[in-house]
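As a plain string of letters, each chain reads:
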Amino acid sequence: MLGICRGRRKFLAASLTLLFVPAFTWIYLFSGSFEDGKAVSLSPIESQPHSPHYTASNQRERESLEIRMREVEEENRALRKQLSLAQSRSPMHRRGNHSKTYSMEEGTGDSESLRAGIVAGNSSECGQQPAVEKCETIHVAIVCAGYNASRDVVTLVKSVLFHRRNPLHFHLIADAIAKQILATLFQTWMVPAVRIDFYDADELKSEVSWIPNKHYSGIYGLMKLVLTKTLPSSLERVIVLDTDITFATDIAELWAVFHKFKGQQVLGLVENQSDWYLGNLWKNHRPWPALGRGYNTGVILLLLDKLRKMKWEQMWRLTAERELMSMLSTSLADQDIFNAVIKQNPFLVYQLPCFWNVQLSDHTRSEQCYRDVSDLKLQKQLSELDEDDLCYEFRRERFTVHRTHLYFLHYEYEPASDNTDVTLVAQLSMDRLQMLEAICKHWEGPISLALYLSDAEAQQFLRYAQGSEVLMSRRNVGYHIVYKEGQFYPVNLLRNVAMKHISTPYMFLSDIDFLPMYGLYEYLRYHVWTKGHAPTNFAKWRTATTPYQVEWEADFEPYVVVRRDCPEYDRRFVGFGWNKVAHIMELDAQEYEFIVLPNAYMIHMPHAPSFDITKFRSNKQYRICLKTLKEEFQQDMSRRYGFAALKYLTAENNS
C-alpha cells in the first residue's frame, strides 16, 4: 500500500554542509637547501715526470694541480651528498629510483590512502639527514585483524615503501584471516629488503580479554599493550602504527627520533589533538585520566629493552585494574590505559612534534600543525545550548555538521518526456548494505541514497559496489556519502541530503528495509499526479479499485510520494523515534492531501534491531528526551501554523 500527497504550499529548505572527520596520518617533508657547488673545468695533464721537457717548474705546477684536484673532489663529494639528499625528497626522483620496488604504486587509486590524518613535517628537523645508517633495519609493529584491516594495512605499507631507503622488518600481530591474506600478498609482492614476521593474535587474546572495551576495535585494540612480551626479546626498539595511517616521507626520519630519548623516556607519542581527555565534550563526559589533552597512540615509538627492565607489563596491568574499578570499561582501547599510566609516570614520555601524527578526527584542534577554521555561526548556536540540560546531547546533534560527498559513484539520468518521473529516496548505514541489490531489482527507476559511513566503510562500500553486477549495471542511482560524526544516527539529515539531490519532479520517500513490489515504479507513473498518496486503512485498501482520500491521524507515518519541493525532515529527531511522524504531521499542516493507491504495496525486509532502537528500549533518559523533543516540535508547529496545529496536541493527548 502506498500514498501520494500534493502540497498546496511547496517549500524545500534542505541544506548541505561540510565537516572535517575522522582521522589520517601523513608525513610531509620539506626539502633542505644547499649551497651551489663551484663549476670546475679540468684539462688533461700533458706534462709527465719522464717527458723530455719536464722541469722543476713543471713539478711544482703538477703538485699544485693535484692539490686543486683533491679539493675539487672533496667539493664534488659534498655536493653529491647534498644533491642526493635534496633529490631524495623529490617525489619524481623517488619514484624513478625505486621503480621496481614501488611499481605497484602506479594506477592503484591511492586517493583512498589518505585516511587517518596528516603527519606534516614543518621544522628545520625535517630538512636534516636522518641519523640512521644506510643499512640499518627499521622495525615496525602493526596489529591487524580481519579482512578490512588487511586492506588498510596494504595502503600503509605502500606509503612506507614508497619513501623508504632502509631495510624494513614488519612485525604483524594478526588473526588467521589477516595472516592468510597478508602472507600471500607479501610472498607474491616480492619487495626487496623487506622481512615479515607474524604473531598469532588469537594466542594473545587471553592477555587482554579481561579488559572491557567499548571501542569499535574490540579486543585487538588492546594488543599494543603486550608488545613487550610478544615481540622478540632481542628487539630493542620498534615503531608501532595503526592501520589507518599514511606516510609521506622516509620512515627513517621517525626512527631517528629514538636518538633523542633521554633518561627514563621509553614512549614517543604525539599529544592528542581532540578535547576527549579534557572531559568537556558533553555533560557528564568522564574520560580516563590523562595529562592535559593526553596522547594519541596511532603512532608510538617503543623503547622495548628499557620498558622490559621497568616491568612495563606489571605497570600497565596494575593501572588498568585500578582504573577499571571506577571506569568499568575503556572507551578508546589501549589509548586509555597508556594515558592512565603516563598520568602516574609522566617521565616515561618523549613528546613527539605534532607533525608526526596530525589527527583529522572529530573535535580535532591542532594550533601547531594547521590552522583551525571554525564556523562562527555553528559556535554561536552551540553556545546558546544549556550544557546542564539532560537532553543536551540530542539538541547538539541538530547543529552537528557532517562532511558530505555527493555522487560517490557515476550517475546518469535521462528525464522522462512526460515530466512524471519518480525517484526512490532512502538512507542507510553499513549494516543495511546487503539490501541494496534487492531494491535495485525491484525498482528500475532513479534512486537517491544517503549512506552514513566512516572513511574506511566508504572504501568498503566502493569495493562492494564495484563487485556487484546489479549495482554496476545501474547508472541512475545517486550515492551520497555522509561521513560519521557524533553519537546518534542522523536519520533525518540523511533523508534531507537524499531528497535534495534528485532530478525528477516527484520522489518516493521510503526506507532501505522496505522492498517495493515489482512494477511499482511503472505503476506510479501511470496514476494521476494531482493528488498525493499514503498507505492507510488496510481493510478498505484490500478491496479498493480506485484511489481514495484519508485523513491524518496521530502517529501516522506512511511512506509517501510527494513533489520534490515538499518540506524537509526535522533534524532534531535522530536515532529512533518520531522522525517520519513529525514529517507527515508537517505535510498535513501544510494542507497536503493523503490519497491511497490500490494495488500498490511494499514488503518489510526482516533485519536485526538497530543500535538506536536498542538504546531507546534500554535507556530511560533516551525515552524522556524523545518525549521532550516531541513536545517542543508540537509547540513549534503551533507557532508556525496557529490554530490549525491544535489538533496535533489533542490527538497526542488522546493517543
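Every chain is numbered independently, its residues counted from 1 as its sequence is written. The model is predicted, so local features are restricted to residues of pLDDT at least 70 and side-chain atom pairs to those at 80 or more, both for listing and for counting; the totals for chains, interfaces and linings are taken over all residues. Derived side-chain values reflect all non-hydrogen atoms in the structure, with water molecules and hydrogen atoms excluded from consideration.

Caption draft 1: Structural context of the environment of Asn492. The numbering of helices and of strands both runs from the N terminus, where a helix is a DSSP run of H or I of at least 4 residues and a strand a run of E of at least 2. Counting through the fold element by element, Asn492 comes out in helix H16 (residues 491–500). Relative accessible area decides the class of each residue, using a 1.4 Å probe on protein chains only: under 20% of the type maximum gives buried, over 50% gives exposed, and in between gives partly exposed. Judged by its relative accessible area of 0%, Asn492 is buried. When the C-alpha positions of Asn492 and Glu568 are compared, they lie 8.3 Å apart, and in sequence the two are 76 residues distant. Asn492 has contacts with Tyr569, Asp570, Arg571, Phe573 and Asn579, leaving out every residue within four places of it along the chain. Think of a polar contact as two N or O atoms within 3.5 Å of one another; within protein, one of them needs to be a possible hydrogen donor and the other a possible acceptor, and neighboring residues in sequence only count if both atoms come from side chains. Side-chain polar atoms of Asn492 contact the backbone oxygen of Asn579, separated by 3.4 Å. Should any heavy atoms of two residues lie within 4.5 Å, those residues are counted as being in contact.

Caption draft 2: Quick peek at the sheet that holds strand S8 (residues 349–352). Each pair of strands is called paired provided DSSP finds at least two bridges between the two strands. Strand order in this open sheet of 7 strands is S4-S3-S2-S5-S7-S6-S8, and the pairing throughout is mixed. Both outer strands of the open sheet, strand S4 (194–200) and S8, are each paired with one neighbouring strand and no more. Direction aside, neighbouring strands of the sheet carry axes that sit 25 degrees apart on average. Of the pairings in the sheet, the one linking strand S2 (residues 138–144) to strand S5 (residues 237–241) comprises 3 bridges and is parallel in character. For Ile142, the partnering residue across the bridge sits in S5 and is Leu241. Axis lines are fitted through C-alpha atoms, for helices just across the contact stretch, and the angle between N-to-C directions can take any value from 0 to 180 degrees. Its contacts with the sheet place helix H4 (residues 176–189) against S2, strand S3 (168–174) and S4, and it is angled at close to 155 degrees to S3. Across the face of the sheet, helix H10 (residues 334–344) comes into contact with strand S6 (267–271), strand S7 (295–303) and S8 while running at roughly 65 degrees to S7.

Caption draft 3: Geometry of the pattern of salt bridges. What makes a salt bridge here is a side-chain nitrogen of Lys or Arg within 4 Å of a carboxyl oxygen of Asp or Glu, nothing more. Evaluation of the coordinates by the stated rule reveals 21 salt bridges. For Glu207, the salt bridge goes to Lys229, with nearest N and O atoms at 3.2 Å. Residue Glu207 is located in helix H5 (residues 201–208), and its partner Lys229 is located in helix H6 (residues 227–230); the two are separated by 22 residues in the primary sequence. For Lys229, a relative accessible area of 47% gives the class partly exposed. Arg495 is the partner of Asp511 in a salt bridge, and the nearest nitrogen-oxygen pair spans 3.2 Å.

Caption draft 4: Layout of the packing of helix H3 (residues 146–163) against H4. Between H3 and H4, the shortest axis-to-axis distance is 9 Å and the interhelical angle comes to 35 degrees. Crossing handedness for the pair H3 and H4: right-handed. In this structure, H3 contributes Gly146, Tyr147, Ser150, Val153, Val154, Val157, Lys158 and Leu161 to the contact, and H4 contributes Ile177, Ala178, Ile181, Leu182, Leu185, Phe186 and Trp189. For the contact of H3 with H4, the class distribution of residues is 12 nonpolar, 2 polar and 1 charged. Two helices crossing with the near one rotated counterclockwise from the far one by less than a right angle form a left-handed crossing, whereas a clockwise rotation gives a right-handed crossing. Any residue outside Ala, Val, Leu, Ile, Met, Phe, Trp, Tyr, Cys, Pro, Asp, Glu, Lys and Arg is labelled polar, Gly included; the first ten of those are nonpolar and the last four are charged.

Caption draft 5: Expanded view of the state of the cysteines. Disulfide assignment relies on a single distance test, namely cysteine sulfur atoms paired within 2.5 Å. Applying the stated criterion across every chain, the model contains 1 disulfide. Two residues share a disulfide in this structure: Cys391 and Cys625, whose sulfurs sit 2.2 Å from each other. Every disulfide takes its handedness from the sign of the S-S torsion; for Cys391 and Cys625 that torsion is -95 degrees, giving left-handed. With a gap of 234 residues between them, Cys391 in the loop between helix H11 (376–383) and helix H12 (392–397) and Cys625 in helix H21 (residues 620–641) connect regions that are remote in the sequence. Grouping residues by exposure puts Cys391 and Cys625 together as buried.

Caption draft 6: Fine view of the packing of helix H9 (residues 312–327) against H10. One can describe the packing of H9 onto H10 by two numbers: an axis separation of 9 Å at closest approach and a directional angle of 100 degrees. When the interaxial angle is binned, H9 and H10 end up roughly perpendicular. Residue-level inspection shows Trp312, Met315, Trp316, Thr319, Ala320, Arg322 and Glu323 of H9 in contact with H10, the latter providing Ile337, Phe338, Ala340, Val341 and Gln344. The class makeup of the residues in the contact of H9 with H10 is 8 nonpolar, 2 polar and 2 charged. For classification, angles of less than 35 degrees are called roughly parallel, those exceeding 145 degrees roughly antiparallel, those between 65 and 115 degrees roughly perpendicular, and all remaining angles oblique.

Caption draft 7: The arrangement of the nonpolar core in detail. Buried Ala, Val, Leu, Ile, Met, Phe, Trp, Tyr and Cys residues that are joined via side-chain atoms within 4.5 Å together make up what is termed a nonpolar core. Leu267 and Trp316 are the most contacted members of the largest nonpolar core, which has 90 residues in total. Excluding residues that lie within four positions of it along the chain, Leu267 makes contacts with Phe261, Leu301, Leu302, Leu307, Trp312, Phe338, Ile342, Leu348, Val349 and Tyr350. If you look at the next biggest cluster of nonpolar residues, it comprises 46 residues, including Tyr489, Val497, Ile502 and Met637.

Caption draft 8: The side chain of Gln427, seen in detail. Mapping Gln427 onto the fold places it in strand S10 (residues 422–429). Judged by relative accessible area, Gln427 falls into the buried class, the value being 7%. At 3.0 Å, the side chain of Gln427 and the side chain of Asp511 are in polar contact. Excluding its chain neighbours within four sequence positions, the residues that come into contact with Gln427 are Ala450, Tyr489, Val491, Leu494, Arg495, Asp511 and Ile512.

Caption draft 9: Representation of the packing of aromatic side chains within the structure. When the centres of two rings from Phe, Tyr and Trp lie within 6.5 Å, Trp using its six-membered ring, the rings pair. Their planes under 30 degrees apart give stacked, over 60 give edge-to-face, and anything left gives tilted. Here the structure, examined in full by the defined rule, presents 16 aromatic pairs. Between Phe408 and Phe461 the ring centres are 6.2 Å apart and the planes differ by 35 degrees, which places this aromatic pair in the tilted class. Separated by 53 residues along the polypeptide, Phe408 in the loop between strand S9 (404–405) and S10 and Phe461 in helix H14 (residues 455–466) bring together distant segments of the chain. There is no split in this pair, since Phe408 and Phe461 are both buried. Aromatic rings pair up to connect Trp255, Phe258, Phe261 and Tyr350 into one cluster.

Caption draft 10: Quick look at unusual backbone geometry. Even without glycine at this site, Met190 takes up a positive phi of about 55 degrees. Along the polypeptide, Met190 turns up in the loop between H4 and S4. Note on Met190: relative accessible area 66%, which makes it exposed. A positive phi is found at Tyr407, a non-glycine position, where the angle reads about 50 degrees. With respect to the secondary-structure elements, Tyr407 resides in the loop between S9 and S10.

Caption draft 11: Here's a closer look at the pairing of strand S11 (residues 447–453). Counting buried residues along S11, 7 of its 7 residues qualify, which places the element largely inside the surrounding structure. Residues Ile447, Leu449, Leu451 and Leu453 line one face of S11 and the alternating positions Ser448, Ala450 and Tyr452 line the opposite face, and both faces are buried. Judged from the 6 bridges that link them, S10 and S11 form a sheet pairing that is parallel. Opposite Val425, over in S11, you have Ser448 as the bridge partner. Every crossover in which the path from the first strand over the helix to the second runs clockwise, viewed with the strands pointing away from the viewer, is termed right-handed. One crossover worth recording links S10 to the parallel S11 by way of helix H13 (residues 436–442), and it is right-handed. Where S11 and strand S12 (residues 477–483) come together, 7 bridges link them in parallel fashion. Looking at the pairing, Leu453 lines up with Tyr483 of S12.

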